[in-house]
Amino acid sequence: MSEKQHIQTAAAPLVRIRNLHKSFDDFEVLKGIDLDVQSGEVVALIGPSGSGKSTMLRCINRLEVFQKGRIEVDGMLVGYREVSTPKGVELRELSPAQISRQRADIGMVFQSFNLFPHMNVLENVMEAPMAVRKMQREDAETLGWDLLNRVGLAEKTGAYPRELSGGQQQRVAIARALAMQPKLMLFDEPTSALDPELVGEVLGVMKALADEGMTMLVVTHEWGFAREVANRVAFFDGGKIIEIGNPEQIFSSPQEERTKVFVSKVI
Amino acid sequence: MTEGRITEPLRPRRHPIRWVIGIIVAVIAVDVLRGIAANPAFQWHVVGQYFSATVILEGLKATIWLTLLTVSLGFALGTLLAIARLSHNPVLRVVSWTYIWFFRSIPLLVLILFTFNIAYLLPTIDVGLPFLPAIFSFDTNSIITPIGAAILALTIHESAYSAEVVRGGILSVDHGQMEAASALGMSGAHTMKRIVIPQAMRAIIPAAGNQLIAVLKGTSMVSVIAVGDLLYSAQAIYNRTFQVVPLLVVATLWYVVLTTVLAFVQYYVELHFSRGTTRQKPTTPVQRLRRALAALVSRFDRDEAEA
């Protein structure tokens, strides 16, 4: 077991979520979420399906629009700007271009990989740095090779996503997200679509990333990973964070009744 | 019995009925072809005489450029209509839907006659702001010549159909692709251009190929308003010489040639956009024919060896 990063809790948090509410039509998915994530921290989000953990993750880079609350990443208000009016402060929605700029700093890895099937592996990694960061082709290529090497896929640069196993595809997806040099990485059930024997290689890459000090929010059902790599585990149920604490506390001595029931069912 | 001795040959099932049906259909097909070749009414020597006549080639040229022009204009307009139908703006959605609904309902021939006679409806074409007096005004008949009417009708017709083709292609792309592009910070326009459209093309090309062939043949309808296309040129000759059938055959043969060329082009365009979707490159039609012949030959060899 590697050293977990020692987290300074005194510093301003990298991610600050306050009173987050989100509904799909009449159904309220998030009922007031508060969460602070320190720089370099790994937080695992667990809980039954439909409890709102993926939705919260998707609100952080505004793939979902929320109805109430605020999210800040590295001091930047996600999706809105603050405007003082005679009636008080209000939040006005940013333009699509401004939202895109904010998203560029937040990496995301999806359950279904979502690699671009018409581009080879290297092109998948190079596309966003060239399009969004205006990086030169040669530099993007060097960066692509470096990152693919880091996830152990240097020999697959010319392959198309369909020719890869699920585990390899997900590692490419991680490299693609890292190519934007994000401040924060969001993982939305990154191993749920994988055959059991392929889960390990993806978790290995994620663990290495955590060891390098990347701030990560991980929706996961891999409890071994949560126990070993996460600094904190947040248990979601019914659109709220019921309990949050270090893995030992959540898995071995949960305080809340609902956490106890969930943990006992799964273990 | 030991493992090593299991070497009995595995024989695929025979298909005698398949052979009988195949032979009957082949005989009928050969007889039909023989009948066509031997029928003196086709006047094959007249077909040969006019096949590459200057008038016919002029008509062929008109058919080709009219097809390419109206398909290009129609697809450009159709793409805008498709984007309008998928936009967040409800006014654009309704206008686009109405346009597509209306012009898909009108037979092409009726639309051609309408655009040709548009001067009855709009004696002048006014340029200016809505509800205000015109800044410029043109005599409609000076713009809507027969060829202008033909281009207008074919473009409108093609745009309504291609809008649906393009829309279907865009909708066929997995939503996760757009999410992944957004999450990486790509703009909407860049996502459309580099991520969505290249994947949508896989669904668009086969349907667009059909559209292209439909327009190619649709151009023959402009002969009713005296546009000198391929069919009109053939008619111009037989109205003089009364050799109706051989000249229709000349036109038919050229339509078949053009359609065949388009089908080949379509095949290679499809191949280009299939990047990353199949593990193996699909075979070309020539390769497939060769392989089928080789399989047939080896089958006969096997049967002979057994006999």
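Fair warning: this is a prediction, and the values are worked out from it, not measured in the lab.

Calculation notes
Residues numbered from 1 in each chain as written. Chains lettered and ligands numbered in written order. Predicted model: local features only at pLDDT ≥ 70, side-chain atom pairs only at ≥ 80, totals over all residues. Heavy atoms only, no water. Helix = DSSP H or I, 4+ residues; strand = E, 2+ residues; numbered from the N terminus. Rg over C-alpha atoms; globule rule 2.2 N^0.38 Å. Buried < 20%, exposed > 50% of the residue type's maximum accessible area, 1.4 Å probe, protein only. Contact = heavy atoms within 4.5 Å. Patch = residues over 30% accessible without salt bridge, like charges linked within 9 Å, V, L, I, M, F, W, Y side chains within 5 Å. Areas by Shrake-Rupley, 256 points an atom, 1.4 Å probe, with all protein chains shown as cover. Salt bridge = Lys/Arg side-chain N within 4 Å of Asp/Glu carboxyl O. Axes fitted to C-alpha atoms, helices over the stretch in contact; angles between N-to-C directions. Parallel < 35°, antiparallel > 145°, perpendicular 65-115°, else oblique. Left-handed = near helix turned anticlockwise from the far one by under 90°. Nonpolar A, V, L, I, M, F, W, Y, C, P; charged D, E, K, R; others polar. Buried area = accessible area lost by both parts, 1.4 Å probe. Arc of directions from axis to C-beta. Pairing = 2+ DSSP bridges.

*Asks:* I would appreciate a short explanation of the overall build of chain B in the present structure.
*Replies:* Along chain B, the regular secondary structure elements total 13 helices and two strands. The C-alpha radius of gyration computed for chain B amounts to 27 Å, which surpasses the reference 19 Å derived for 307 residues by more than 25%, pointing to a less compact arrangement than a globule. Principal axes of the C-alpha set define a box for chain B whose edges measure 100 × 70 × 30 Å. Counting every position in chain B, which comprises 307 residues, the buried fraction comes to 34%.

*Asks:* Teacher, can you tell me more about helix H9 (residues 175–183) of chain B here?
*Replies:* Side chains three or four residues apart in an α-helix point the same way, a direct result of the helix having 3.6 residues per turn. The buried fraction of H9 of chain B is high, at seven of nine residues. For H9 of chain B, every residue scored as buried is listed here: Gly176, Gln177, Glu179, Ala180, Ala181, Ser182 and Ala183 of chain B. Summarising the contacts, the buried residues of H9 of chain B are in contact with helix H1 (53–60), helix H2 (96–103), strand S8 (106–109) and helix H5 (166–178) of chain A together with helix H10 (188–218) of chain B. Of the residues trailing H9 of chain B, glycine 185 of chain B is marked for its positive phi of about 90°.

*Asks:* So what exactly am I meant to see when it comes to a nonpolar patch on the surface here?
*Replies:* Residue and element names in this part refer to chain B. Together, Val20, Ile24, Ile28, Val32, Leu33, Ile36, Trp44 and Leu253 give the surface a local cluster of nonpolar side chains, amounting to about 710 Å² of exposed area. Looking at which element gives the most residues to the nonpolar patch, the answer is helix H1 (residues 16–38), with six residues. Here isoleucine 36 falls in the partly exposed class, since its relative accessible area comes to 33%.

*Asks:* When you look at the packing of helix H2 (residues 44–51) of chain B against helix H12 (residues 244–273) of chain B in this model, what are you seeing that I'm missing?
*Replies:* When two helices pack together, their arrangement is given by the angle between the helix axes and the distance between those axes. Residue and element names in this part refer to chain B. The geometry of H2 relative to H12 is characterised by a closest axis approach of 8 Å and an angle of 55° between their N-to-C directions. Between H2 and H12, the angle is such that the two are oblique. Along this stretch, H2 crosses H12, giving a crossing that reads as right-handed. Each of Trp44, Val46, Val47, Tyr50 and Phe51 in H2 lies in contact with H12, whose residues at this interface are Pro246, Leu247, Val249, Val250, Leu253 and Trp254. Among the residues making up the contact of H2 with H12, the classes are represented as eleven nonpolar, no polar and no charged.

*Asks:* Which parts of the structure should I look at to understand the interface of chain B and chain A?
*Replies:* As a measure of interface size, the accessible area lost when the parts come together is often cited. Facing the 22 residues of chain B at the interface are 25 residues of chain A. Both faces considered, chain B and chain A share a buried interface measuring about 2100 Å² in area, 54% of it formed by carbon and sulfur atoms. Applying the counting rule to chain B against chain A returns two salt bridges. Across the pair arginine 58 of chain A and glutamate 179 of chain B runs a salt bridge whose closest N-O atoms are separated by 2.5 Å.

*Asks:* Please clarify how H2 of chain B should be interpreted in this entry.
*Replies:* Residues and elements named next belong to chain B. All of the buried residues along H2 are Val46, Val47 and Tyr50. For H2, the arc enclosing every buried residue in end-on projection is 105°, short of the 170-degree limit, so these residues lie on one face. Across from the buried face of H2, at angles greater than 90 degrees, the exposed residues are His45 and Gln49. Contacts from the buried residues of H2 go to helix H3 (54–85), helix H11 (230–241) and H12.

*Asks:* Before we go on, may I ask you to explain the side chain of arginine 62 of chain A in this structure?
*Replies:* All names here are of chain A. Of note, arginine 62 is situated in the loop between H1 and strand S4 (68–73). Of the residues examined, arginine 62 reaches a relative accessible area of 5% and is grouped as buried. Apart from residues lying up to four places away in sequence, arginine 62 is in contact with Val78, Gly79, Tyr80, Glu93, Ile99 and Arg103.

*Asks:* Can you help me understand the sheet that holds strand S9 (residues 184–188) of chain A in this one?
*Replies:* Adjacent strands of a sheet pair through backbone hydrogen bonds, lying either parallel or antiparallel. All names here are of chain A. Read across the sheet, six strands follow the order S8-S9-S10-S3-S11-S12 without closing on themselves; strand pairing throughout is mixed. Each having just a single partner strand, S8 and strand S12 (240–245) make up the two edges of the open sheet. Adjacent strand axes in the sheet meet at a mean angle of 20°, parallel and antiparallel pairs treated alike. As defined by bridge partners, strand S11 (residues 232–237) adjoins S12 across five bridges and the pair is classed as antiparallel. Within S12, the position partnered with alanine 234 by the bridge is isoleucine 244. Relative to the sheet, H1 contacts strand S3 (42–46), S8, S9, strand S10 (215–219) and S11, its axis offset from that of S9 by approximately 145°.

*Asks:* Can you walk me through unusual backbone geometry in this structure?
*Replies:* A negative phi angle characterises most non-glycine residues, just as the trans form characterises most peptide bonds. All names here are of chain A. Despite not being glycine, asparagine 114 shows a phi value in the positive range, around 55°. Tracing the sequence through the fold places asparagine 114 in the loop between S8 and helix H3 (121–132). Since its relative accessible area comes to 5%, asparagine 114 is described here as buried. Backbone geometry at glutamine 181 places phi at a positive 45°, although glycine is not the residue there. Mapping glutamine 181 onto the fold places it in the loop between H5 and S9. Note on glutamine 181: relative accessible area 56%, which makes it exposed.

Distances and angles like these do not, on their own, reveal function.
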